[in-house]
Structure formats: structure tokens, C-alpha cells
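Structural overview for review
Listed below, chain by chain, are the residues.
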Amino acid sequence: MAELPAQHWADRAVDQLLAERGSGPFLVASGISPSGRIHVGNLREVLTADIICRVLRERGLQARLIFVADDYDSLRKVYPFLDPQRYAPYVGAPLSEIPAPEGEGTYAEYFLRPFLASLERLKVSAECIRASHLYRSGALLPQILQALHARDTIAQILARITGKEIEPDWSPFMPQCSQCKSLLSTTLLAWDPNQQTVTYRCTPCALQETVPILGHGKLTWRVDWPARWAALRVDVEPFGKDHGGKGGSYDTGKEIVAQVFGFRAPFPLVYEWIRLKGMGDMSSSKGNVVAVDEVLEVIPPDVLRYFITRPAPKVSLALDLTDQMLTLVDEVDDVTKKQRDPRAVQLSQAGGFLPIGIPFNHLVNVVQVAQGDLTRVKEILRRTGYSWTSDQALDDRCRYALRWLDRFAPDDVKFRVQPQLPHCARSLPPNIRAALTTLAAAIAQPAKTSEDFHRAFYDTAALHNLPVADLFRAFYLALIGKERGPRAGWFTEIIGPLFVAQRLREAAAP
Ligand SMILES: [Zn+2]
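Quick caveat, the model's predicted, so the values are computed rather than measured.

Within strand β9 (residues 236–240), five of the five residues are buried, leaving the element largely enclosed by the surrounding structure. Of the two faces of β9, both are covered, the one formed by V236, P238 and G240 as well as the one formed by E237 and F239. Bridge count for β9 against strand β10 (residues 267–271) is five bridges, and the pairing is parallel. Following the sheet pairing, F239 is matched in β10 by V270.

Structure below.
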């Protein structure tokens with residue numbers, strides 16, 4: 001029997017989901033705490049959920065995608081990217097109640113805004129639900145009351161599964177101090193199920209008071225998560241490996257949601273981190289992140305989606321905005337006609353990507369020769385035998401190439417054809433100058449191709465008894481003022497052989 005092609009991970013996950021849980025409708029949830037710039041590592045959470053939704057809908061099933069912004073989480077500490085004096089007083093207060101690092105609005109919205117805009121560009125149709133609204137609206141009030149009632153049961157589950165001792169004064173509910181706004185500096189002293197109030201003490205404020213539960217605090221993370229599953233009726237949720245390990249918050253949440261809230265834990269999808277090549281796992285608190293909106297400046301949305309969609313979530317990924325960029329764009333464009341995962345491409349559509357059939361690294365060189373002039377780009381491409389389907393798609397791709405050159409390209413791929421003979425090429429040794437004269441004459445002959453130009457370098461070097469490397473070096477010095485550059489024959493073709501020949505003659509002149 002012929003072997004079937006390997007199934008895409010999302011198709012397999014959906015098969016398993018349907019086998020275990022019937023045919024929906026499904027609520028697929030994802031969530032992020034907007035404690036800093038929301039980076040590509042965080043994007044894996046939402047995209048994994050979105051991919052599952054797409055597969056479910058393809059099969060004619062109902063799927064709704066939500067994105068819970070944990071804006072009621074507290075600021076854990078003063079992160080390195082924050083002004084220490086300004087933010088020290090806010091440690092412990094919810095992200096939705098402290099000011100933005102710059103401009104108007106709250107801290108949470110400041111970091112959420114660009115991320116939500118990026119989700120739109122990526123065609124992730126997630127409905128954003130703010131945790132602060134969930135708490136203030138009373139959507140979680142039944143679960144808070146259930147958790148307070150079941151305090152001892154929850155403490156036992158946590159102790160048994162995590163192996164950690166639970167403090168005698170531990171409470172699943174963290175009251176918020178009405179004075180300093182902190183969720184972390186309060187101790188719950190008592191609660192009244194009839195009045196639905198809590199009595200707490202805030203040590204730093206020397207404050208003790210009784211307040212309504214509604215709007216005055218939140219559940220601790222390990223209880224908050226299962227409470228949310230039950231309140232929103234979540235069927236599927238991806239989460240990072242930190243929550244998925246043995247004794248992690250999924251393990252404890254699974255028991256808490258069943259025993260305390262009478263609901264079944266969502267179908268899990270555990271994903272690995274995304275590293276930034278050479279900089280380790282991305283982490284907002286360490287500051288080694290590229291925000292999603294920054295990446296979308298240099299990678300088309302479909303290509304960024306493809307990067308995350310292709311490998312299974314449990315595969316760790318390294319984002320390399322230098323070399324990898326070139327191959328990734330070409331893979332989605334299908335320039336290379338190999339290695340492409342067509343199912344991943346299908347699940348990565350964000351609506352704006354048109355294949356142009358021109359390798360990205362070629363465009364990177366052409367836009368530099370054309371100095372960003374898109375009309376000249378087209379002239380060069382036409383002259384060198386390229387054709388493309390849509391001018392707009394080509395212009396778009398050139399703009400990506402230009403932004404990539406500006407932000408992430410390594411120095412050795414950047415060049416500028418110098419308007420005059422550079423200084424460094426003005427006093428070449430006599431034997432090199434003689435060879436350049438021969439080379440210029442060979443290049444100036446009509447109807448030559450890049451292979452002919454390439455061969456001319458070798459023939460000239462042999463004729464003048466020179467290492468060909470010396471001739472290449474002189475060529476690059478004369479044209480771009482650097483010792484290395486794009487492949488010489490091909491570079492000659494895109495710059496234009498007459499211009500190159502003239503420049504080589506200038507360098508050859510005594
Ligand atoms: Zn306080």
C-alpha cells in the first residue's frame with residue numbers, strides 16, 4: 001500500500017479533538033498577559049488557537065476564537081525597560097490600572113494595542129476579552145464564591161499535585177487594596193458568603209477593611225485559569241510548556257475545574273518557546289524580544305504565519321531575522337519548488353500574499369542597485385530576464401526587502417554602488433590595473449550574460465597570471481568600496497555592463 005503523506009499537526013489535533021469531544025460548537029481560547037512588548041513567542045499561543053479554528057471551520061464545524069488579555073494581572077516587578085522611580089509604587093497593582101510608559105492610557109492597553117493590530121494583519125479573527133472586564137462584570141463571581149467555599153479542597157489538590165506546602169493563611173482569592181491598588185500585599189482575613197464581602201489587611205498601607213468581592217480582587221493564577229475555563233466554557237486551549245509540565249498549572253487546573261467548578265478541562269495543545277537566534281528564549285522581562293509588529297515590518301503576514309504553522313507546536317523554533325528570512329519568503333512564494341509544506345501554506349493565508357516568483361535575495365540586491373527606486377527595480381528585472389505577475393505585489397515585496405535591509409540585514413549583504421570611483425580603489429597596484437583594463441574590454445562587449453561576465457574574471461586572471469580573488473576584490477572596491485559583494489558576474493549584469501566597464505577603466509587609469 002502506498003504510504004500516505006504525513007498529516008499536518010493541526011489536522012491530527014482536530015481528528016483527536018473530535019474523537020474525544022464530539023462535533024462542537026467549540027470555544028477555542030488563548031491568553032496573554034500584556035506585561036511588556038508582546039513578542040513573536042507569545043504569538044505562537046494565539047496562532048496555534050487560530051489554526052485549530054481554521055481547521056474546524058474547514059470541516060464545517062462551528063468554532064469561536066477568544067483572546068483573553070490578562071490585564072488584571074499585577075505588575076510583578078519593575079522590569080528593566082521601565083523607569084524604576086516611576087514604576088516602583090505600582091508593583092502589585094493590575095496592569096489595567098497603571099499608566100502607560102508613554103502617552104495616554106493604561107499600561108495594559110499600551111502593550112495590547114500594537115499586538116491587536118498585528119493580529120488583524122495576520123487575519124487572526126480573535127475576539128479580545130479583557131480579564132479586568134471579566135472580573136468587574138461579575139462573570140467570574142460564581143467561580144470566586146465556589147473557590148472560597150472549596151478553599152481546603154483546592155489547597156489539598158495544589159499540595160498533592162505540586163508537592164509544595166500550602167501556607168495556612170493561603171487563599172484562592174487575592175483582595176485588592178483600595179488604597180495602594182496592590183493585589184500582592186494583602187491578606188484575606190475573612191469572607192461573608194451572604195454579603196459576598198471579604199475582609200482583608202494590607203500591611204504596607206496599615207489598612208484593614210471589608211469590601212464587596214465584586215471588583216475588589218482576583219483569583220490566584222492556578223485557580224483563575226480553571227475558573228475561566230468554566231465561566232467561559234472553553235473547549236480547546238494552547239499553552240506554553242511552563243504550564244504543561246508535570247505538576248504545572250494545567251495539571252492542577254484539570255482537577256480544580258472538575259472537582260470545584262464541575263467542568264471539563266479544555267483539550268490541551270502544549271507549545272514550545274520561540275528563541276531569537278543568538279539571544280535565547282524570548283522573554284519580555286529579559287527584554288530580548290522582537291515585538292510582533294516589528295517583525296511584520298520585514299516579513300509578510302503569510303510568511304510569519306507559515307513560520308509558526310509549519311512545525312508542530314512542540315517543536316522549539318528559532319527566529320532568525322537575518323539569513324532565515326530569505327529562505328522563508330522564497331518557500332512560501334515557492335520560488336525554490338522544494339521543501340514547501342503546502343498544507344501549512346494553505347493554513348497561513350492572511351489575504352495579502354501574491355507569489356512573484358523572484359528569489360528574495362535577488363530582490364535584496366536589485367533594490368540596492370536601484371537605490372530603492374521601484375521603477376528602476378523593474379527596469380533591471382526586465383533587462384535581466386525576469387517577469388512577474390503583479391506590479392503591486394512586486395512593489396510590496398521590494399518594500400519588505402528595503403525595510404529588512406534597514407533593520408535586520410547583516411552588513412555583508414548591504415552595499416551601495418558608489419556614484420564615483422571610491423578612494424580605496426584609486427591607487428591599485430599596476431598589475432591589477434592592467435588586468436582591469438582587459439576585464440573592462442571583455443565586459444563591454446555586447447550581448448553577454450552573467451555567466452560570460454563570470455568567466456571573463458577567470459580568463460582575465462589567468463591571462464595576467466593573477467589570483468582571481470585579487471581581481472574580484474579590485475572589482476568590488478571600484479564599484480561599492482567594499483572587499484566583497486554579490487556574485488560578480490550576476491552583479492555586473494544587474495548594475496549594467498557598460499557602467500561597470502566604465503568604472504573599471506577609471507580604476508585602471510593611472
Ligand atoms: Zn495597600
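Taken in spatial order, the three strands make up an open sheet running β5-β6-β7, and their pairing is antiparallel. Each edge of the sheet is formed by a strand with only one pairing partner; in this case those strands are β5 (186–192) and β7 (207–212). Within this sheet the neighbouring strands show an average axis-to-axis angle of 20°, counted without direction. By the bridge criterion, six bridges tie strand β6 (residues 197–202) to β7 in an arrangement that is antiparallel. Within β7, the position partnered with T197 by the bridge is P212.

So, on to the pattern of salt bridges. Per the counting criterion, the structure on display carries 28 salt bridges. A salt bridge links E294 to R37; its shortest N-O distance comes to 2.9 Å. With a gap of 257 residues between them, E294 in helix α11 (residues 292–298) and R37 in the loop between β1 (26–32) and α2 (40–58) connect regions that are remote in the sequence. Look at R37 and you get partly exposed, because its relative accessible area is 38%. Several salt bridges share partner residues, and in doing so they unite E297, R403, D406 and R407 into one network.

Our next topic: the coordination of the zinc ion. Protein ligation of the zinc ion involves C177 (SG), C180 (SG), C202 (SG) and C205 (SG), the donor distances falling in the range 2.3 Å. Geometry at the zinc ion is tetrahedral, judged from its four donor atoms and the angles of 105 to 114° they form at the metal. Spacing between the donor residues of the zinc ion along their common chain follows C-x2-C-x21-C-x2-C. One end of the pair, C180, is in the loop between β4 (173–175) and β5; the other, C205, is in the loop between β6 and β7, and 25 residues separate them in sequence.

What the domain assignment reports for the protein chain is domain 1 (1–137 + 272–319), domain 2 (173–219) and domain 3 (423–508). The centre of domain 2, based on its C-alpha atoms, is set 78 Å off from the matching centre of domain 3.

Within helix α15 (residues 360–369), nine of the 10 residues are buried, leaving the element largely enclosed by the surrounding structure. Among all positions of α15, only F360, H362, L363, V364, N365, V366, V367, Q368 and V369 are buried. Tucked into the core, α15 has its buried residues touching α13 (323–333), α16 (374–383), α17 (391–407) and α21 (488–495). Once α15 ends, the next one or two residues include Q371, with phi positive near 50°.

On to the nonpolar core. Core analysis: the biggest nonpolar cluster contains 116 residues, and L304, L436 and F491 have the highest contact counts within it. Residue assignment places this core across two domains, with domain 1 (1–137 + 272–319) and domain 3 (423–508) each supplying three or more. Other than its neighbours up to four places away in sequence, F491 contacts V369, F415, V417, F475, Y476, I480 and P486. Counting residues in hydrophobic clusters, the runner-up holds 46 residues, among them V68, I157, W229 and Y250.

Cut-offs and rules
Residues numbered from 1 in each chain as written. Predicted model: local features only at pLDDT ≥ 70, side-chain atom pairs only at ≥ 80, totals over all residues. Heavy atoms only, no water. Buried < 20%, exposed > 50% of the residue type's maximum accessible area, 1.4 Å probe, protein only. Helix = DSSP H or I, 4+ residues; strand = E, 2+ residues; numbered from the N terminus. Pairing = 2+ DSSP bridges. Axes fitted to C-alpha atoms, helices over the stretch in contact; angles between N-to-C directions. Salt bridge = Lys/Arg side-chain N within 4 Å of Asp/Glu carboxyl O. Donors = N, O, S within 2.8 Å, 3.2 Å for Na, K, Ca; no water. Tetrahedral: all angles 85-135°; square planar, octahedral: opposite > 155°, others 65-115°. Domains from an automatic or database assignment. Contact = heavy atoms within 4.5 Å. Core = buried A, V, L, I, M, F, W, Y, C linked by side-chain atoms within 4.5 Å.

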